[in-house]
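Structural features, examined
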Amino acid sequence: MAASGSPVSQSIEQARLSSFPLPPHPNMVTGKLENGFSYIILPNDNPPGRFEAHLEVMSGSVNELERQQGMAHLLEHVAYMGSPKRQLISGTGSRSNAYTDFHHTVFFAACPAETPDQFWKRPMLPMALDALLDVMTTRIDEDRLEKERAAVLSEASMVNKMDYRVECQILSTLHGENRIAQRFPIGKEALIRSWQKEDLELYHSLHYRPDNVVLYVVGDVDAPFAVDQIRKKFGALQPKLDAPRVFAESGEFPAVSMRDVHRHFPPVVHRWSCSEADVRPFVPPALVQPAPPPPTAVGDVSAALQSATKLFQHELLQSFSFHLFAKRPIEPVTSAAAFKRELMRRMVLTTLQIRLNVQQRSQPLFTFAAFNQLNWPREGCAVCSLDITTDTKNWQEAVRLAVREIRRLGLFGLTAGELARYKQATLVEAAQHAAEAGQKANEDVLNELMEAEACGHTFMRPEDALRLTEAVLATLTLDEVNAQCVALCEHLSHLDPARGVQPAAIVACAPTMERSGAAFAVTEADLVAVLRGALLEDLAPLADTPVPTTLLPADAVRDKLQREQPRFVPLEGKAQRDEAAAAPPAKAKRSLVGGLLDGVAQAITGAPPAATTPAPAATVGGSTGGVVQRRLSNGIRVNMKPLDAETQRVAVRLYAPGGRVAEDATRPGAVLVGARTMQEGGAFGSMSREQVELFCIDHHVTVEVGAAADAVVFDFDSVTTTPSQEAPPLGAATAAAASKEEVSGVEAVLQVLHVLLTDFLFERDAFERAVQAAHEEFDATVKSLESACQESVAAAITGADPRFLKPNHTALDALTLPQVEAAMRRLLRPENVEVSLAGDLPVAEMEALVLRYLGTVPAAPAAPAAAPQGDPPRPLDTVRPAPGRQLSVFLPDSDERAMGYLAGPAPNRFGVGLPPLSPQPQHPLHAHVALLVLQEIANRRLFWVVREERRLTYDASFQWVHSDGVGGGWFLVSVTASPATVQPAIRACQEALQSLQGAGITGDSLQAAKRTLLQKHRAEQSSSNRFWLELLAGTQVDHVAAKSLRAMMDFEAVLQGLTAQDLQALADALDFSDEHLTTCVGVAAPSAPSHLQRHQPSDVGAAGSTAIAAAVGARCGRVSRRRLSEQQLDLSGRRLLQRREASEAAARQTPSVGSAAESWRSSSAPSAATGHVPTPRGLGTARDAVVSGAAARTETGSPLGMSPAGSRCVGEAEVEGASRGPSQAAVPSVSLSLATWHWLLPENSPRIPRVNGADRAGTCGVRLRAQCCSRTPLVPRLLPN
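Rules used in this analysis
- Residues numbered from 1 in each chain as written.
- Predicted model: local features only at pLDDT ≥ 70, side-chain atom pairs only at ≥ 80, totals over all residues.
- Heavy atoms only, no water.
- Helix = DSSP H or I, 4+ residues; strand = E, 2+ residues; numbered from the N terminus.
- Buried < 20%, exposed > 50% of the residue type's maximum accessible area, 1.4 Å probe, protein only.
- Contact = heavy atoms within 4.5 Å.
- Polar contact = N/O pair within 3.5 Å; in protein donor to acceptor, adjacent residues only side chain to side chain.
- Core = buried A, V, L, I, M, F, W, Y, C linked by side-chain atoms within 4.5 Å.
- Pairing = 2+ DSSP bridges.
- Axes fitted to C-alpha atoms, helices over the stretch in contact; angles between N-to-C directions.
- Phe/Tyr/Trp six-rings, centres within 6.5 Å; stacked < 30°, edge-to-face > 60°.
- Lys NZ or Arg CZ within 6 Å of the ring centre and 35° of its normal.
- Parallel < 35°, antiparallel > 145°, perpendicular 65-115°, else oblique.
- Left-handed = near helix turned anticlockwise from the far one by under 90°.
- Nonpolar A, V, L, I, M, F, W, Y, C, P; charged D, E, K, R; others polar.
- Expected span 1.5 Å × (residues − 1).
- Patch = residues over 30% accessible without salt bridge, like charges linked within 9 Å, V, L, I, M, F, W, Y side chains within 5 Å.
- Areas by Shrake-Rupley, 256 points an atom, 1.4 Å probe, with all protein chains shown as cover.
- Salt bridge = Lys/Arg side-chain N within 4 Å of Asp/Glu carboxyl O.
- Lys, Arg positive; Asp, Glu negative; His and termini not counted.
- Charge placed at Lys NZ, Arg CZ, Asp CG, Glu CD.

**Let's talk about the overall build of the protein chain**
The secondary structure content of the protein chain amounts to 42 helices and 26 strands. For the protein chain, with 1281 residues in total, the buried portion stands at 62%. A fraction of 82% describes how many contacts in the protein chain between residues 6 or more apart in sequence connect residues 24 or more apart.

So this is what it looks like as structure tokens:
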């Protein structure tokens, strides 16, 4: 018998695995009705009492005929929005929506298993299926068609941002050989306007056939009952036309396409980036491209690169991005051999991504870098992608570095140390997926199921995948893995055009000028030359890097414990009051001193905790809350929540109140850049950045640092185990590592926190990278219509407080490393820090680790003041009514679109700034919950008034812009429209808000909003560590008085207790009248409308301003027509030119605007005579956006942005944090003043509030691409809003 682990036994095992078919999920039920209707059902009880039903119609934009471009998307709108049965499930706590992609259209309903309490109890699955059946049997209504036509045209304008155009350029180049390049889901405006209902009925008859759909049902359902209902609802459907014959007779589709490989793939043919031998096993012979002729000259490689390269430049791009792709067939994973192949490829991709990350630490060239290969059934291929973003001055070296590392990996493969590391990481990931199998949410399970079905993979149980992973990894060799390195990297490491091995597309996207205003010159020939040089470099294998197993050796920790003598001390402030309120009747306990000494001994010796409570704690909520609060002797406050929802995982948050409001007003940006500097840093003591990076990777530690208006936050995620505990040992390297001193993932996090609070090094190069990133963020903002408008609104409301601004180039260049370091160290004093832990760890272990690593942080010296320097946090002036303002923003752009905004004063997140709404005392959480409910109601009202009744826009949304610790905020309504309809849309939004006042809050709307919020709250509360960090942050910080632990635990009770009268009082307290509203109209167009004036941005200088104007003016005629044709956007070149000519004619006939308006009512109010707002020193102006406002006036008495003669701009309100000349008003950064750290945001978005609104009734959308690391994350997922 062959010895275990010998080459013979491994060969036997590999042969056995290669023939082993993967087992499908045993609980999955699949079937097909007699009419061809397919279904897949998978019971899943997380969350309990809910399910999701998704109907996938395998027809998207690529299936459209030439005259139908955009029809799949329009029909999606009409079919679901016109469904009477869908309306029946609204108000039940259900969500219904739809989206369109290249290859399919999907309609879904996410519902409770039974109707809510106020309804007659009955199962909701039949109701959800009825709504989806309506889609299959829809009748086109003329009125509904016109409503959705208007919505789609508005949506086309909304998505046409620069990131969308960049993605269109990428996809057009990548798929230049097939119809994907010319079939973007949004369609063509002229065609959309021309269709009649008969056209849509024909499309519906061709594509909405029972044999062309798949129904997925995942959740708390009984499978036999679901099958019975599916038969009853869908069994009678029959096709109306012979669709295959119609498509064949059209002559527009290839005779053989990827649709013949798998019915989920689009009907296209690809030009592959690999050899025939690699393609032939997965596609029919007709789809295997013939090999090109043998090379005849050395220049063939250059020719291959040149033919694949495309350069896209635009004046509104702010950085250089580079994208290199290879296209390969999707390889179904149905056997153990295929499963092993995918595991090896994942390790290879991880290796290269980590190498790029480490290189970035030592040689900072990238803002973003990613290498990946993902299956894209939407495109019918697998795409291997390299995506990098860099500054224009670094692009050549950044491209060389990325190509160099890909070639190195392809030529030499992994090191032995890397193989051991990533084998272990792969097994850890599989073990965690298996442990969380019963905790994965319906939506996540369904997405994985749909992906597996679309790619032809076998969908397995996570437990089976774990067992197979263990078996596969036991046989894995370095040579096998390195063979996959060649397979993934060969288009650069073994480039051979003669065999078809070459990049499929190379796309560079670049600005037209440098920040200085000088032209940025680059050509496609330059790109090819840089690539060619990188391909010819001599390379050597990478050496293994020694990785530490701990950041703080045990003897060093022991010395700290003996020196600092950490202990828990009584709570203070609101935490102390919570503790007293929750204290049980007195019982015999050990003495306080004894408990404290036990805690110190446990931290020093590592002994298990005593059976008694070692210190006073606030344990609130009993079995449902389970939160423990502590305070350390050095002043650090700690919140701990044991939670097993995420098995073997923990989340940790350091919360330092102060944030950007703690900045010195004369040096704005110090905290913002300081937080980024700490994120960019990483060398601890004698360890290099590379070693620290690999230490964090080995311990699965991720960190995100952010500076909000009222706090600096460090968010960590990790595991609760040590590397050797995470999975069975996989070899000698792992066994050797296990024998060394090592720490768990959560210990690693707390070690990092200890270093951050004690010995962190503020490095010069990390500071420079942080400043560079801030420069790029400022550039991105001033070149974005949405951001420019939001900033101008924020400036008008906040009185131009520079601590709410994104600092501009002048401010950033004025910052120094000592200033940034001082600002951060003031905030990170122990007595100003609160740390929260939530995860799969007992409280006793959390306490021991907290004492060991946080308790040993030395207390701050008593002499300096504990509070942050600079102006302390104060209530914003937005808590009082301010005069209304009318602002306008113009952004020079080759394509035309518009945005509208409406804003007014509002309280902070906990109601600070509201007048008393009731003579009776209210719960501390009352205002907070009422604000959430009112936001939900306002979004529904906006949808019905602005879209459904007025047909003015695709989307309008309402959100609060406020925080915990700043004493006020504002509400912001955003609406997408055309330049012709933006003003009526803003007015309609105002009327929708005014309709909420008086008696506008109905009981039905209140109950629907309650159900939506309650569902989200319960789902997050039981399944998310991050939810608890959001909830706990600030509960021991006294400057947010209402946010105590006991108050936050009452969320459900307060929500259920809200009445329509409560919401009516809140709505009536807000002022939606003209005199107290700020409006902003933003227009992007080739030339400014008559009421918008150009300016000469001083940050760029005269040359730069002239260059921008000349570039835009020269490109409008030729570029917009060419680009829109390529991208299939909604505006034709002719119509764009007509609009431009009409706009210029109107400008010649329209007199200059010169009306005066009231000054702002704020602490930094303008003078009554001039409207001049005092401005901090050291700032500059924006470069590209123009903001004008009738309420702000120059010192000469003319409206802002106009000289007395109206002939030129003398001082414009600045966009995105720039400060200005004497007459200009600062514009705060919405991205920093938004509710960044809200503990419960609608849409389950913990950090970035959604501008596009809440889960409202069934608006629809186009999905351009799900965001992933395989492509530059340019475009957010265009889901229905």
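**Here we look at the side chain of Ser718**
Topologically, Ser718 is positioned in strand E18 (residues 711-719). By relative accessible area, Ser718 is classed as buried at 0%. A distance of 3.3 Å separates a polar atom in the side chain of Ser718 from the backbone oxygen of Gly745. Non-local contacts of Ser718, meaning those with residues more than four positions away in its chain, are made with Gln648, Arg649, Val650, His699, His700, Val701, Gly745, Val746 and Val749.

**Section: the nonpolar core**
Val933, Leu934, Val946 and Leu993 are the most contacted members of the largest nonpolar core, which has 69 residues in total. With 12 residues, helix H33 (residues 926-949) is the single largest residue contributor to this core. Discounting residues that sit within four places of it in the chain, Leu934 has contacts with Trp960, Leu996, Ile1001, Leu1063, Leu1066, Ala1067 and Leu1070. Core analysis: the next-biggest nonpolar cluster, separate from the first, contains 68 residues, Leu552, Val746, Val820 and Leu851 among them.

**What about the sheet that holds strand E11 (residues 505-511)?**
The mixed open sheet is built from 5 strands, whose spatial order is E7-E11-E8-E10-E9. The open sheet has two edge strands, strand E7 (309-314) and strand E9 (366-376), and neither has a second partner. Taken pair by pair, the neighbouring strands of this sheet meet at an average axis angle of 15 degrees, ignoring direction. Bridging between E7 and E11 involves 6 bridges; their strand directions are parallel. Along E11, the bridge assignment pairs Leu311 with Ala508.

**Things to note about the pairing of strand E3 (residues 50-57)**
Burial analysis of E3 places 8 of its 8 residues in the buried class, the great majority of the element. Judged by which residues are buried, E3 turns out to be covered on both faces: Arg50, Glu52, His54 and Glu56 on one side and Phe51, Ala53, Leu55 and Val57 on the other are all buried. Sheet topology note: the E3/strand E5 (residues 105-112) ladder contains 8 bridges and is antiparallel. For Ala53, the partnering residue across the bridge sits in E5 and is Ala109. In the sheet, E3 pairs with strand E6 (residues 213-219) via 7 bridges, with the strands oriented antiparallel. Residue pairing across strands places Phe51 opposite Gly219, the latter belonging to E6.

**Comments concerning unusual backbone geometry**
Between Asn46 and the following residue, Pro47, the backbone shows a cis peptide bond with an omega angle of 0 degrees. In the Ramachandran plot, Gln648 falls in the positive-phi region, its phi being about 55 degrees despite a non-glycine side chain. Its place among the elements puts Gln648 in the loop between strand E15 (637-642) and strand E16 (649-657). Taking relative accessible area as the criterion, Gln648 reaches 29% and is therefore assigned partly exposed. Positive phi values are uncommon outside glycine, yet Arg951 reaches one of about 55 degrees. Secondary-structure assignment places Arg951 in the loop between H33 and strand E22 (956-961).

**What about the packing of aromatic side chains?**
For the structure on display, the rule yields 13 aromatic pairs. Ring geometry for Phe1027 and Trp1028: centres 5.7 Å apart, planes at 85 degrees, overall edge-to-face. The pair Phe1027 / Trp1028 is uniform in exposure class, with both members buried. Joined through ring pairs, the aromatic side chains of Phe958, Trp960, Phe971 and Phe1072 make up one cluster. Cation over ring: Arg630 sits above Phe568, and NZ or CZ is 4.9 Å from the ring centre. Positioned above the aromatic ring of Trp1028 is the side chain of Lys641, whose terminal nitrogen or guanidinium carbon lies 4.5 Å from the ring centre.

**A look at the packing of helix H14 (residues 395-412) against helix H18 (residues 478-493)**
With their axes 7 Å apart at the nearest point, H14 and H18 run at an angle of 140 degrees to one another. With respect to H18, the element H14 is oriented oblique. Of the two possible hands of crossing, H14 and H18 adopt the one that is left-handed. Here Val403, Ile406, Arg407, Leu409, Gly410, Leu411 and Phe412 of H14 lie close against H18, whose contacting residues are Asn482, Cys485, Val486, Cys489, Leu492 and Ser493. Looking at the contact of H14 with H18, its residues break down into 9 nonpolar, 3 polar and 1 charged.

**A closer look at H14**
For H14, which comprises 18 residues, the first-to-last C-alpha distance of 26 Å matches the rise-based estimate of 26 Å (1.5 Å per residue) to within 8%. Most of H14 sits inside the fold, with 13 of its 18 residues counted as buried. Positive backbone phi, at 75 degrees, marks Gly413, one or two positions downstream of H14.

**Concerning the pairing of E11**
The buried count for E11 comes to 7 of 7 residues, which makes it a mostly enclosed element. Of the two faces of E11, the one carrying Ala505, Val507, Cys509 and Pro511 and the one carrying Ile506, Ala508 and Ala510 are both buried. When strand E8 (residues 320-328) meets E11, the two strands line up antiparallel, connected through 5 bridges. Bridge pairing links His323 to Val507 in E11.

**As for helix H17 (residues 462-474)**
Because each turn of an α-helix spans 3.6 residues, side chains separated by three or four positions in sequence point in the same direction. Taking 1.5 Å of rise per residue, 13 residues should cover 18 Å, and H17 covers 18 Å from first to last C-alpha, within 8% of that figure. Within the sequence span of H17, burial applies to Asp464, Ala465, Leu466, Leu468, Thr469, Val472 and Leu473.

**Digging into the environment of Ala131**
Counting through the fold element by element, Ala131 comes out in helix H4 (residues 125-136). Linking Ala131 and Ala109, residues 22 residues apart in sequence, is a C-alpha distance of 8.1 Å. Sequence-distant contacts of Ala131, defined by excluding residues within four places in its chain, comprise Tyr80, Ser83, Lys85 and Arg86.

**Things to note about a negative patch on the surface**
A cluster of like negative charges, contributed by Asp141, Glu142, Glu198, Asp199 and Glu201, occupies part of the molecular surface. With respect to the element layout, Asp141 can be found in the loop between H4 and helix H5 (142-159).

**Describing the pattern of salt bridges**
Side-chain pairs of opposite charge can arise where the charged atoms are in close proximity. Under the counting rule described, the total for this entry stands at 64 salt bridges. Across the pair Arg825 and Glu821 runs a salt bridge, and its minimum N-O distance is 2.9 Å. With Arg825 and Glu821 both in helix H31 (residues 817-827), this residue pair falls 4 residues apart, about one helical turn. Note that Arg987 and Glu991 form a salt bridge whose closest N and O atoms lie 3.6 Å from each other. One end of the pair is Arg987 and the other is Glu991, both in helix H34 (residues 982-994) and 4 residues apart, which spans about a single turn. With relative accessibility at 37%, the residue Arg987 sits in the partly exposed group. With relative accessibility at 30%, the residue Glu991 sits in the partly exposed group.

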